[in-house]
Amino acid sequence: MSKEQLVNYLNETVKPDEGIIPAYLLGDKAVYELEHEKVFLKTWVFLGHESEIPNPGDFMTRELAGYSIIISRESMGEINAFYNMCTHRGMKLCRADKGNKTLFTCPYHGFNFKNTGELVGVPLQKDIYGERLDRTKMGLHKVKLESYKGLLFGNWDENAEPLEEFLGDFKWYLDIVVGRAEMEVIGAPQRFIVKSNWKVGSDNFVGDSYHTMVTHGSIAKLGMVPNATYSKRGFQIHTENGHGLNLGTPNPDFAFPEELKDEYKSNLSEEQYEVLSNLKNMIGNAFPNMSFLISHTKIKGELISNTSIRMWRPLSHNKMEVIAWLLVEKNASQEWKNRSRDSFILTFSPSGIFEQDDTEVFTDITEAAQGPMPFQKNLTYNYTMGLHRKPVDFIGPGVAYDDKFTEASQRNFYQYWLELMTK
Ligand SMILES: [Fe+2]
C-alpha cells in the first residue's frame, strides 16, 4: 500500500464517531511509520520535568520522536534543547543520560560546544583550517522547547502552535496534577520496555476505568480499594486535540499533605481546589503519549497519594519504552515523600500490582493486532460505550460525563489522531 492509499484506507475504516476502531492500527508497521511523520514529528512531545535538572550546568539527554537531544540548564537558569549531533561530522555529542557540564566535547574529533549551543573550540583550528572556518555558523541545532508548570515538551515542527495553545483547556486539569504546589521528581525516571503498541497505553489512561474492576480485581480482594465497582464513580472529561482524563470522586479523606493546604489554595482556583479536595484519583493522557496519574493507597493506616507522569515512548509498531516519573510536593516532609514513593512502587512501576496487570493486557492486544490477518478479516474494536449519553455541566472546562464508564475520551483521542494522520 502506498502512503496515499494508506491515508485513504484510514479515512474509510477508522470511524471514532461511530465507535469503530480497526485492529490493524495497533499492529501495522506502515501505520507506525506514518505516525512518526504525521504525529510525532508534528506535535508537542513530552520530554521530562524541569526539576530533573535543577542547577546551572545540569543536563539530560532524551529522545524527541526517536532523535536524541540534549536538554541543558545554562548559567542564567534558562533551559535549552539541542539536537545531540556534532555539526562537524554528525557524531552523537553526548552519550550520558544526565550530568553537569558547561562544555560538551565530541568524542570523534574533539569539537567543543558550550551548553548554549555555541561552537567554542576546534582542535588545531588555525593550523588546519587557516581563517576559513566560521565557528559562528556551526553551533548546535536548536530544538523547539517549551514548558508548562515544569513539564518540558519538544517539537520538531517550526510552525507548530505554542504549547499552551496546544494544551488548551486541558491545562486546567494539568494544573491540579503538576501546578497545585511546587513539585519535584524523586530520583531518575523508571524505564522499562513493554511489547505493546504505544496507543494501547494512551488509550488505557485517557479514559479506560472500565477495566479496573476486572484487570485489577485482585486489589479489591486484597482490600486496598473499597469494592469492585469503585472505579465507576466520578467524571470523564475530554478537551480539544485528543486530550482526556477520568476523575474519581468523591473522597472522604484528604490524600495530600494537610500542611500544604495553603500552598494548594494559592496555586489553584477555587474550583480547582474543590476538585483536589474531593479527589479519589485522576488518570489521563495529554495527546499523544504523556499520561499522568494521581492515585492513593493506604500505607500504615494512612491514605497517601502518589502523583506520576509517564510517557509511552514508541520504539516500533509492537514495542514501547515506558518512562515514569514520580512527583512529590517539594515542601512536604521527607517522611511523607517516602510514603508517597512506597505507595507508587506498590501500585505502578515494574514491580507494582496495577502495572503488571496492565502490561499483560497491553502485550496480548498488540500481539493479536499484527500481520495481514486483521486487514483481511476487517477486525475492529468496539468503542461504542456511552454513545447514547449527553454531557453534563462540570465546574472545569471540556466535555464532561457524570461517571467514568464511557469511551468518549478514547473516541476523542482517535478522532484527533485520525485528523493528523490524514492531513
Ligand atoms: Fe489498569
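Owing to the predicted nature of the structure, the values given are computational and were not obtained by experimental measurement.

So, on to the sheet that holds strand β8 (residues 112-114). Spatial strand order, β7-β8-β9: three strands in an open sheet with antiparallel pairing. Both outer strands of the open sheet, β7 (103-105) and β9 (119-121), are each paired with one neighbouring strand and no more. Averaged over all neighbouring strand pairs, the angle between strand axes comes to 35 degrees, with direction disregarded. By the bridge criterion, two bridges tie β8 to β9 in an arrangement that is antiparallel. Within the sheet, the bridge partner assigned to Asn 112 lies in β9 and is Gly 121.

Quick look at the UniProt feature "domain: Rieske" (unreviewed entry) in the protein chain now. UniProt records the feature "domain: Rieske" (unreviewed entry) at residues 44-128, using the numbering of this structure. Here residues 44-128 runs as 5% helix and 42% strand, with 42 Å between its end C-alpha atoms.

The subject of this paragraph is the sheet that holds strand β4 (residues 67-73). Here we have seven strands laid out as an open sheet, ordered β2-β11-β10-β5-β4-β3-β6, and antiparallel in their pairing. A strand with exactly one partner marks an edge of an open sheet, and here the two such strands are β2 (45-49) and β6 (98-100). Along the sheet, successive strands turn relative to each other by an average axial angle of 30 degrees, direction set aside. Across three bridges, the pairing between strand β3 (residues 58-64) and β6 is antiparallel.

The subject of this paragraph is the packing of helix α5 (residues 171-178) against helix α10 (residues 270-277). Axis angle and axis distance: for two packed helices, these are the angle between their axes and the distance between the axes, and together they describe the pair. Contact pair α5 / α10: the axes reach a minimum separation of 10 Å and the direction vectors enclose 55 degrees. One finds that α5 runs oblique with respect to α10. Remark: the crossing between α5 and α10 carries right-handed chirality. The segment α5 lies against α10, with Trp 172, Asp 175 and Ile 176 engaging Glu 271, Gln 272, Val 275 and Leu 276. Per-class residue counts for the contact of α5 with α10 are four nonpolar, one polar and two charged.

To describe a pair of aromatic rings, you give the distance between the ring centres and the angle between the ring planes. Here the structure, examined in full by the defined rule, presents 28 aromatic pairs. On the numbers, 4.9 Å between centres and 80 degrees between planes, the contact of Phe 40 with Trp 198 is edge-to-face. Of this pair, Phe 40 sits in helix α2 (residues 29-40) while Trp 198 sits in helix α6 (residues 198-207); the two residues are 158 residues apart in sequence, bridging distant segments of the chain. By the burial criterion, Phe 40 is buried, and Trp 198 matches it. Plain terms: the ring middles of Phe 59 and Phe 104 are 5.1 Å apart, the flat faces sit at 80 degrees to each other, and that makes the pair edge-to-face. With Phe 59 in strand β3 and Phe 104 in strand β7, the pair connects residues that are 45 residues apart, well separated along the chain. Residue Phe 104 is classed as buried on the basis of its relative accessible area of 3%. Here the aromatic residues Phe 40, Trp 198, Phe 287, Tyr 383, Phe 413, Tyr 414, Tyr 416 and Trp 417 are joined through ring pairs into a cluster of three or more.

Time to look at helix α1 (residues 3-13). The complete set of buried residues in α1 reads Leu 6, Val 7, Tyr 9, Leu 10 and Thr 13. Buried residues of α1 fall within an arc of 160 degrees about the axis and therefore sit on the same side. In α1, those exposed residues whose orientation departs by more than 90 degrees from the buried face are Glu 4 and Glu 12. Here the buried face of α1 lies against β1 (20-22), α2, α13 (373-376) and α14 (408-421).

Within the first shell, the iron ion binds the protein through His 211 (NE2), His 216 (NE2), Asp 358 (OD) and Asp 358 (OD), at distances of 2.0 to 2.5 Å. Metal-centred angles of 55 to 146 degrees between the four donor atoms at the iron ion mark the site as irregular. Look at where the donors of the iron ion fall in the sequence and you get H-x4-H-x141-D. With His 216 in the loop between α7 (212-215) and α8 (217-221) and Asp 358 in helix α12 (residues 353-368), this pair connects stretches of sequence that are 142 residues apart. Classification of His 216 as buried rests on a relative accessible area of 3%. Given the relative accessible area of 4%, Asp 358 is considered buried.

Rolled over the atoms, a probe as big as a water molecule pinpoints where empty space is left. Reported here for the second largest pocket is a volume of approximately 410 Å³. Forming the boundary of the second largest pocket are 18 residues, of which Asp 203, Asp 208, Val 361, Ile 365 and Tyr 383 lie nearest the centre. Counting only elements with at least two residues in the lining of the second largest pocket, the list comes to α6, α7, α12 and β20 (380-382). Of the residues forming the lining of the second largest pocket, the biggest block, four residues, is contributed by α12. When the residues that make up the lining of the second largest pocket are grouped by side-chain class, the tally is nine nonpolar, five polar and four charged.

Okay, the pattern of salt bridges next. Inspection of the entire model under this criterion finds 20 salt bridges. Salt-bridge contacts for Glu 329 lead to Arg 180; the nearest nitrogen and oxygen are separated by 2.8 Å. Note that Glu 329 is positioned in strand β19 (residues 319-329) and Arg 180 in the loop between α5 and β12 (183-185), a separation of 149 residues in sequence. Residues Arg 339 and Glu 335 are paired through a salt bridge, measuring 3.5 Å at the closest nitrogen-oxygen approach. On the criterion of helical spacing, the pair formed by Arg 339 and Glu 335 is a turn pair, its members being four residues apart in helix α11 (residues 334-347).

It is worth spelling out the environment of Glu 161 at this point. For Glu 161, the location among the structural elements is in the loop between β11 (151-155) and α4 (163-167). With a relative accessible area of 32%, Glu 161 lands in the partly exposed category. A sequence separation of 87 residues divides Glu 161 from Gly 248, and the C-alpha atoms of the two residues are 32 Å apart. Dropping the residues within four chain positions of it, Glu 161 is found in contact with Trp 44, Phe 166 and Asn 241.

Basis of the calculations
- All residue numbers refer to positions counted from 1 along the written sequence of the respective chain.
- pLDDT decides what is reported in this predicted model: residues at 70 or higher carry local features, side-chain atom pairs at 80 or more are listed and counted, and totals for whole chains, interfaces and linings draw on all residues regardless.
- Calculated side-chain values reflect all of the structure's heavy atoms, with hydrogen atoms and water omitted.
- For two strands to be treated as a pair, DSSP must find no fewer than two bridges joining them.
- Strands here are runs of E lasting at least two residues and helices are runs of H or I lasting at least four, both read from the DSSP assignment and numbered beginning at the N terminus.
- For helices, the fitted line uses only the C-alpha atoms of the stretch in contact; every axis is such a line through C-alpha atoms, and the angle between N-to-C directions lies from 0 to 180 degrees.
- UniProt positions are given in the numbering used here, feature names are shortened, and annotations may be inferred rather than shown by experiment.
- The scheme is simple: roughly parallel for angles under 35 degrees, roughly antiparallel for over 145, roughly perpendicular for 65 to 115, oblique for anything else.
- A crossing counts as left-handed when the near helix is turned anticlockwise from the far one by less than a right angle, and as right-handed when that turn is clockwise.
- Whether two residues touch is decided by their heavy atoms; if any such pair falls within 4.5 Å, the residues are in contact.
- Gly is placed with the polar residues, together with every amino acid not listed as nonpolar (Ala, Val, Leu, Ile, Met, Phe, Trp, Tyr, Cys and Pro) or charged (Asp, Glu, Lys and Arg).
- Each pair of aromatic rings taken from Phe, Tyr and Trp, with Trp reduced to its six-membered ring, is defined by centres within 6.5 Å and is described as stacked if the planes are under 30 degrees apart, edge-to-face if over 60, and tilted in the remaining cases.
- Relative accessible area decides the class of each residue, using a 1.4 Å probe on protein chains only: under 20% of the type maximum gives buried, over 50% gives exposed, and in between gives partly exposed.
- As used here, the arc belongs to the directions running from the helix axis to the C-beta atoms.
- Distances define the donors: N, O and S atoms within 2.8 Å of the metal qualify, as do those within 3.2 Å of Na, K or Ca. Water is excluded, so some sites may look unfinished.
- Geometry assignment treats four donors as tetrahedral when all angles are between 85 and 135 degrees, treats four as square planar and six as octahedral when opposite donors are over 155 degrees apart and all others between 65 and 115, and treats everything else as irregular.
- Cavities and pockets were defined on a 1 Å grid built from protein atoms only: a cavity is a group of points that admits a 1.4 Å probe but offers it no way out, a pocket is an open group of points flanked by protein on both sides within 12 Å along at least five of seven lines, and a lining residue is one with an atom within 4 Å of any such point.
- Grid points are joined across faces, edges and corners, and a volume is the space filled by probe spheres set on the points.
- Take a side-chain nitrogen of Lys or Arg and a carboxyl oxygen of Asp or Glu: if they are within 4 Å of each other, that pair is a salt bridge.

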